[in-house]
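Given next are the chains, with one letter for each unit.
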Amino acid sequence: MKEAEEGKISNHILMSGTDTGRGIFQQIGKGSALAGAGAVAVAAVIVILAVVSYQEKKKIEALEAEVESQKKEIEKLTEENTDLVSLREELTDKVMILSDTINQKVEEEEAEEQEKAQAHMPVGFPMSSSASLEEAGGDTPMVKLNGGAGTSIIASADGTVVSITTDSTYIHCIKVDHGNGYHSIYRNDGEAMVKEGDAVVRGAILYVIGEENTELGYQITYNEKYIDPMELINVDG
């Protein structure tokens, strides 16, 4: 009877111990599962962070590459701008030099034109040396000059001999066109030293005065109208 009771007690303890162990094992199993799930979660987070970090790194590298490209472009544009500034300064200098050259050329041409215009104005004294001078009467203005033998009758300005004709008072009449509306007329008994069509300059010899042709009848027309030669003639020669 006593042994039977002891056996029941032992069985009870054994059964009780077996249930408890199963609970512990179940708890241990549940803990391992949670730990595995946590590890997976941690690994997933690490992978995500790694991917994000990689993507951010790529973005940063792309931005750095873009910044570097922009820096190079800025340097290139800066160099081009420097070259353009230098070119502009060089062109400005050339324009100034060209402008000065043109201005100088214009001034020279203007001076030449003025000199040419002045050379064609019949203001010169029509004798190569001093001579007596008097105004001649008549329908048209004229001055008479008397020079000594060896004196030359000369053109009073540059021009072209347009005619050599006979004259009712003098043997020859030389007419010079000065190309500006003015004509000078030289009347003398001597032999003409020029011919029609000759280009003459101021001081060119038209007649040489001898014993028989000391007098010159001198006239000027402007736009085919006679004017007083004394309005233009330079008595000082």
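Note that the structure is predicted; figures quoted are calculated from it, not measured.

Asker: Help me understand the overall build of the protein chain, please; the structure alone is not making it clear to me.
Answerer: Of regular secondary structure, the protein chain possesses one helix and 10 strands. For the protein chain, the proportion of its 237 residues judged to be buried stands at 24%. Within the protein chain, contacts between residues at least 6 apart in sequence are counted, and of these 63% link residues at least 24 apart. About 16,400 Å² of surface is accessible on the protein chain, with carbon and sulfur atoms providing 56% of the total.

Asker: Would you explain the confidence of the model for the protein chain in this entry?
Answerer: Close reading of the predicted structure is inappropriate where its pLDDT is low. Looking at the protein chain, the pLDDT average stands at 85 and 84% of residues meet or exceed 70. For the protein chain, helix 1 (residues 2-119) is the element with the lowest average pLDDT, namely 77, and strand 7 (residues 199-200) is the one with the highest, namely 98.

Asker: How should I be thinking about the pattern of salt bridges in this particular structure?
Answerer: Side chains that differ in charge, positive against negative, can pair when their charged atoms come close. Considering all chains together, one arrives at five salt bridges under this definition. As a salt-bridge pair, Lys59 and Glu56 come within 4.0 Å of each other at their nearest N and O atoms. Of the two residues, Lys59 and Glu56 both sit in helix 1, three residues apart, roughly one turn of that helix. Residue classification places Glu56 among the partly exposed residues on the basis of a relative accessible area of 39%. Measuring nitrogen to oxygen at the nearest pair gives 2.2 Å for the salt bridge that ties Arg187 to Asp167.

Asker: What am I meant to see in the pairing of strand 4 (residues 159-166) here?
Answerer: Along any regular strand, the residues point their side chains to alternate faces of the sheet. Inspection of the sheet shows strand 4 paired to strand 7 by two bridges, in the antiparallel sense. Looking at strand 7, one finds that Gly159 is bridged to Val200. Of the pairings in the sheet, the one linking strand 4 to strand 5 (residues 172-177) comprises six bridges and is antiparallel in character. Within strand 5, the position partnered with Ser163 by the bridge is Lys175. If you look at the hairpin formed by strand 4 and strand 5, you'll find five residues sitting between the two strands.

Thresholds applied
Residues numbered from 1 in each chain as written. Predicted model: local features only at pLDDT ≥ 70, side-chain atom pairs only at ≥ 80, totals over all residues. Heavy atoms only, no water. Helix = DSSP H or I, 4+ residues; strand = E, 2+ residues; numbered from the N terminus. Buried < 20%, exposed > 50% of the residue type's maximum accessible area, 1.4 Å probe, protein only. Contact = heavy atoms within 4.5 Å. Areas by Shrake-Rupley, 256 points an atom, 1.4 Å probe, with all protein chains shown as cover. pLDDT = per-residue confidence, 0-100. Salt bridge = Lys/Arg side-chain N within 4 Å of Asp/Glu carboxyl O. Pairing = 2+ DSSP bridges.

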